[in-house]
Amino acid sequence: MNMLIFIIAGLLVHCVFLASIFDIYFTSPLVHGMTPQRTPLPPPAKRLVLFVADGLRADTLYELDDNGTSRAPYLRSIIEYKGSWGVSHTHVPTESRPGHVALIAGFYEDVSAVAKGWKENPVEFDSIFNESKYTWSWGSPDILPMFAKGASGDHVYTYCYTAEKEDFGAQDATKLDTWVFDHVKNFFQAARSNQTLFSKVNEEKVVLFLHLLGIDTNGHAHRPNSREYKDNIRKVDEGINNIVSMLEDFYGNDGKTAFILTSDHGMTDWGSHGAGHPSETLTPLIAWGAGVNYPQKVASQFFEDEFLKEWKLEKWKRLDVNQADIAPLMASLIGVPFPLNSVGILPLDYLNNSAHFKAESMFTNAVQILEQFKMKMTQKKETTLSFLFTPFQLLSDTEQINILRKARSYIHQEKYHEVVSLCETLISLALEGLSYYHTYDRLFLGISVVMGFVGWTSYVILLIVKTHTSLTRSTQDNKASTVLLLYGFAAIGILIAFFLLIQTCPWTYYIYCLLPVPVWYAVVKEFRVIQDLVSLLLVFPLGQSIGFLVAGALGIEILVFSFFYRSTLTVGLIAFAGWPLITRLWAQAKVTTLSWTLLCLLLAMFPLMPVVGREPNISLVTVASLVILLISSFSLAFLCKSKNKYVPKKDLTVLLFQMLSIALSTYVVNSTHSSLHHKQGLPVINQIISWITLASSLFVPLLSPTFFFQRLLSILLSLMSSYLLLSTGYEALFPLALSGLMFAWIYMEKEALQHYGDSLKTKLAVLNFSYTTDITQFRQLHLDDIRRSFFFVFFIVTAFFGTGNIASVNSFDPASIYCFLTVFNPFIMGSLLVWKIAIPFVLVSCAFEAVQVTTQLSSKSLFLIVLVISDIMALHFFFLVKDYGSWLDIGTSISHYVLVMVFTIFIMLLSGLAQLLTTKRIELWGRTKRHSM
């Protein structure tokens, strides 16, 4: 097969495997067509005020200062004298959009929203705002529009500041919250003189939503333990106090206003969020006003965490809820229908109302969730053949009717406690049934994907054996049997498609179920190769076969374990350091072996260090730049003094330009962070230099000579200039240690090949990437090449996890992109983060390209072995994906699978990029020379 066609096919197959995890585990939970359900009794409140302090941690709000006073005295007084309080437990991903959807719509959104930056609605959904008579909202342009856009009619009004105000480098981020408070005051001041507006705000079922982003912005910029973050909490506390006083005055203290303060997510100590750390998932919830219970004093209470004593709140009853439970609480307080897709359970302990009202509200909650269950069951029944459909046994139609009749009967008999208990049982069963139907096709889709995985990996192994080894005999294919095979697999494909068609399955199901058909056709078509391979294995010594299998399995497990425990990489690198001693290479090349061993041990230190971003240290970035300038100076001196070698001035100019770029990057990093520290914002000149440096990092290496040493040095210098701009601490030293080991690896592989007598003794210094090796010099693969490929995969994993476990998305530190921008922009920030992660990958890939040249192998052969190793890892993680246990475990298992699949796709793309970076040259001072790859 042509290599380009193979890569395209491989990319498509792996994109399907990657997408499958979202169809299996992350499809939208929403169903439509249900009847709205509301409590039939009069609500306690006419209006609701919802304060959402974005990024506010529960512990930072509730704890006392060092002097024993609260940093939020007004809210503390609410807890002690006026309302109810607790902790709201959020779900992964702890981001702003999913958090607000859970609060206001009552369901936990699927990950498909991330494709739209947590701003747009992937699917339409109902919310408290939509069900209200009127909703007025003030705050961030990232949050408010999504609820106005999803609302029916014209009754949700938004007032947003500009996106440019969301600046991490701003002098004072509390201005975002001050803006909200001031505009709310101005709005009600205007309502006094505007009769139309006055009558609207005095209607029933009114919601006022204040989104307060300052705390989140200060947390990202200065960390949650900073003075700025804590001062912002004080400002918010004062602002809420003023707003409450103003509203009570406006409404004449009518006692018909309910207030709720909460947060969409918390934040880690290092100023990020997105994963399942308790600092991210534990958010405050304080409710007071109309219909809300007064403080309840208790003698003792128990929670798994030990925060109550730290917060000095052990005397006041703590009422914890899941984040989605807040939506039905708000609906109950103002008497609007519960959001149609809400899965929240009404927290009755927060209500200060009659037992009858609580029973009716709980009954409404149960019917609303049951409606979703019935709609989900109907949809699944309609798209499944009747003899294949297996209903949810615990909640049959008869069981539903019996429970509802019994609950209604208890209400008439005023047995309200029994009603609540019965409704809680019904809600529990309905939610379990919803999950059952939501995951109904999971096993079926999982088997299809595994079949595709195994088939693809088998085909790649057969391709390696057939085209890059001498293990098989060259035989002519039997055309008749090939045609018969083709018709047979075509018939299987038609049957599968027909089966899916009559069940009206989604179009993605066709891809997952039909993909294994052509893949397994390609495998079975190589029947003779399989025969030869089996024959060879049967005569191979059993002990050696078992030994190779154990070594291979151990290697894969080390790679898998490194995703969970970074220290596994340290163990692997220490083992690599001893590799020359086992193979006796040390006797052949002592200096090279010593360099390899020392650099392995140096790199082994990085996985033992804290995750990058938690402890910024700009001085280490400066140290890294000085080291790289020192290395480049020695290299420049070496090139100038090199005998029998003329170095053109233009080549020296390129090298000097790259050294200047490194020096400029160092200046920009230091001056930018100094400017932000003094709250003077991001200097424009620094921003311009940063973007120019980034843009030139892939272009400048193409100006340098394609000689082995010069081109690899040029690539390192260019990539380091942009990497320094994205660094905040010790990670700036990581590419240097990694590059040093890569140079040693290239020399070691050359020595290893000479050790086995397979290599021509060509000096590496005179090797030129741009001259393709004569095809006759390509050798066949042998077992040591599997070890080379394993080294490459291990180094790729090390490049990723060496400075942080970004399988947990909360390792991202916004400070790393401050040289480029400080205004919140998720896609540009995400792209810069991806490039920072990719730079060590590119360095390893270029080194691997050099290894292939020095070991006289075609790029295709080793690449295919790498593909097999990474696919086996991906299959391993596919089986580790789970949807039970803690949200942290669920999120981590899925992110691991996604990461290893992205690795595989990334490796394919990096192979092409590395080939381009090492072999092509652009001549600015003359005619462009074209080199064949």
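Residues numbered from 1 in each chain as written. Predicted model: local features only at pLDDT ≥ 70, side-chain atom pairs only at ≥ 80, totals over all residues. Heavy atoms only, no water.

Okay, the overall build of the chain next. When helices and strands are tallied, the chain shows 34 helices and 8 strands. In the chain, which comprises 933 residues, the share counted as buried stands at 56%. The contacts of the chain with a sequence gap of at least 6 include a subset with a gap of at least 24, amounting to 80%. Looking at the chain as shown, the accessible area adds up to about 39,600 Å², and 63% of this sits on carbon and sulfur atoms. (Helix = DSSP H or I, 4+ residues; strand = E, 2+ residues; numbered from the N terminus. Buried < 20%, exposed > 50% of the residue type's maximum accessible area, 1.4 Å probe, protein only. Contact = heavy atoms within 4.5 Å. Areas by Shrake-Rupley, 256 points an atom, 1.4 Å probe, with all protein chains shown as cover.)

Non-glycine residue N253 carries a positive phi angle of around 50°. As for its position among the elements, N253 is in the loop between α10 (227-250) and β6 (257-262). Here N253 falls in the exposed class, since its relative accessible area comes to 59%. Phi is positive for T504, close to 45°, though the residue is something other than glycine. Within the fold, T504 resides in the loop between α18 (479-502) and α19 (507-514).

Residues P516, V517, V519, Y521, A522 and V523 constitute the buried set of helix α20 (residues 516-525). Against the buried residues of α20 lie α17 (442-468), α18, α19 and α21 (527-539).

Per the counting criterion, the structure on display carries 63 aromatic pairs. Seen from their ring centres, F250 and Y251 are 5.0 Å apart, and the 80° between their planes marks the pair as edge-to-face. When sorted by exposure, F250 lands in the same class as Y251, which is buried. Centre to centre, the rings of F563 and F801 are 4.8 Å apart; their planes meet at 70°, and the pair counts as edge-to-face. With a gap of 238 residues between them, F563 in helix α22 (residues 542-564) and F801 in helix α31 (residues 783-801) connect regions that are remote in the sequence. Summarising the burial analysis for this pair, F563 and F801 share the class buried. Ring pairs connect the aromatic residues Y134, W136, W138, Y157, Y159, F187, F188, F198, F250 and Y251, which therefore count as one cluster. Geometry around Y251 places R47 over its ring, the cationic atom sitting 3.5 Å from the centre. Sitting over the ring of F303, R318 keeps its end group 4.0 Å from the ring centre. (Phe/Tyr/Trp six-rings, centres within 6.5 Å; stacked < 30°, edge-to-face > 60°. Lys NZ or Arg CZ within 6 Å of the ring centre and 35° of its normal.)

Put simply, helix α9 (residues 214-222) and α10 touch, their axes get as near as 8 Å, and they point 170° apart. Classified by the interaxial angle, the pair formed by α9 and α10 is roughly antiparallel. Contact residues: G214, I215, N218, G219 and H222 in α9; E228, Y229, N232, I233 and V236 in α10. Among the residues forming the contact of α9 with α10, the class breakdown is 4 nonpolar, 5 polar and 1 charged. (Axes fitted to C-alpha atoms, helices over the stretch in contact; angles between N-to-C directions. Parallel < 35°, antiparallel > 145°, perpendicular 65-115°, else oblique. Nonpolar A, V, L, I, M, F, W, Y, C, P; charged D, E, K, R; others polar.)

Summed over the entire model, instances satisfying the criterion amount to 22 salt bridges. As a salt-bridge pair, R76 and E80 come within 3.3 Å of each other at their nearest N and O atoms. With R76 and E80 both in helix α3 (residues 73-82), this residue pair falls 4 residues apart, about one helical turn. By relative accessible area, which is 10% here, R76 ends up buried. When salt bridges that share partners are traced, they join E63, D65, R71, R227, E228, D231, R234 and K679 into one network. (Salt bridge = Lys/Arg side-chain N within 4 Å of Asp/Glu carboxyl O.)

Moving on, we get to the environment of T90. Secondary-structure assignment places T90 in the loop between β2 (84-89) and α4 (96-105). The class for T90 is buried, based on a relative accessible area of 5%. Along the primary structure T90 and A102 are separated by 12 residues, whereas in three dimensions their C-alpha atoms are 8.3 Å apart. If we skip the residues at most four places from it in the chain, T90 touches D264, H265, E280, T281, T283 and Q323.

Let us look at the sheet that holds strand β3 (residues 134-139). The strand order β4-β3-β5-β1-β6-β7-β2-β8 describes an open sheet built from 8 strands, whose pairing is mixed. Each edge of the open sheet carries a strand with a single partner, namely β4 (156-160) and β8 (321-322). Here 6 bridges tie strand β1 (residues 47-53) to β6, and the two strands are oriented parallel to one another. Bridge pairing in β6 places L48 opposite A258. Strands β3, β4 and β5 (206-212) of the sheet are contacted by helix α7 (residues 175-193), whose axis makes an angle of about 155° with β5. Contacts between α10 and the sheet are confined to β1, β5, β6 and β7 (282-289), with β1 contributing the most and set at about 170° to the helix. (Pairing = 2+ DSSP bridges.)

As a further point, take the packing of helix α14 (residues 355-382) against helix α16 (residues 416-438). Packing of α14 against α16 leaves a shortest axis separation of 8 Å and a crossing angle of 20°. Considered as vectors, α14 and α16 are oriented roughly parallel to each other. Here α14 runs over α16; the crossing is left-handed. Looking at the contact of α14 with α16 residue by residue, the class counts come to 19 nonpolar, 5 polar and 3 charged. (Left-handed = near helix turned anticlockwise from the far one by under 90°.)

Moving on, we come to the environment of Y521. By secondary structure assignment, the location of Y521 is in helix α20. Between the C-alpha atom of Y521 and that of Y459, which follows or precedes it by 62 residues, the distance is 9.5 Å. If sequence neighbours within four positions are ignored, Y521 has contacts with T482, L485, L486 and F489.

Moving on: the environment of W520. Here W520 is to be found in helix α20. For W520, a relative accessible area of 23% gives the class partly exposed. As a C-alpha pair, W520 and F489 span 31 residues in sequence and 8.6 Å in three-dimensional space. Not counting the four nearest positions on each side in its chain, W520 is found in contact with M451, V454, G455, S458 and F489.

Position of S84 relative to the elements: it lies in strand β2. Side-chain polar atoms of S84 contact the backbone oxygen of N293, separated by 3.0 Å. Sequence-distant contacts of S84, defined by excluding residues within four places in its chain, comprise L285, I286, A287, V292, N293, Y294, L319, D349 and Y350. (Polar contact = N/O pair within 3.5 Å; in protein donor to acceptor, adjacent residues only side chain to side chain.)

Burial analysis of helix α13 (residues 326-334) places 9 of its 9 residues in the buried class, the great majority of the element. Buried residues of α13: I326, A327, P328, L329, M330, A331, S332, L333 and I334, and no others.

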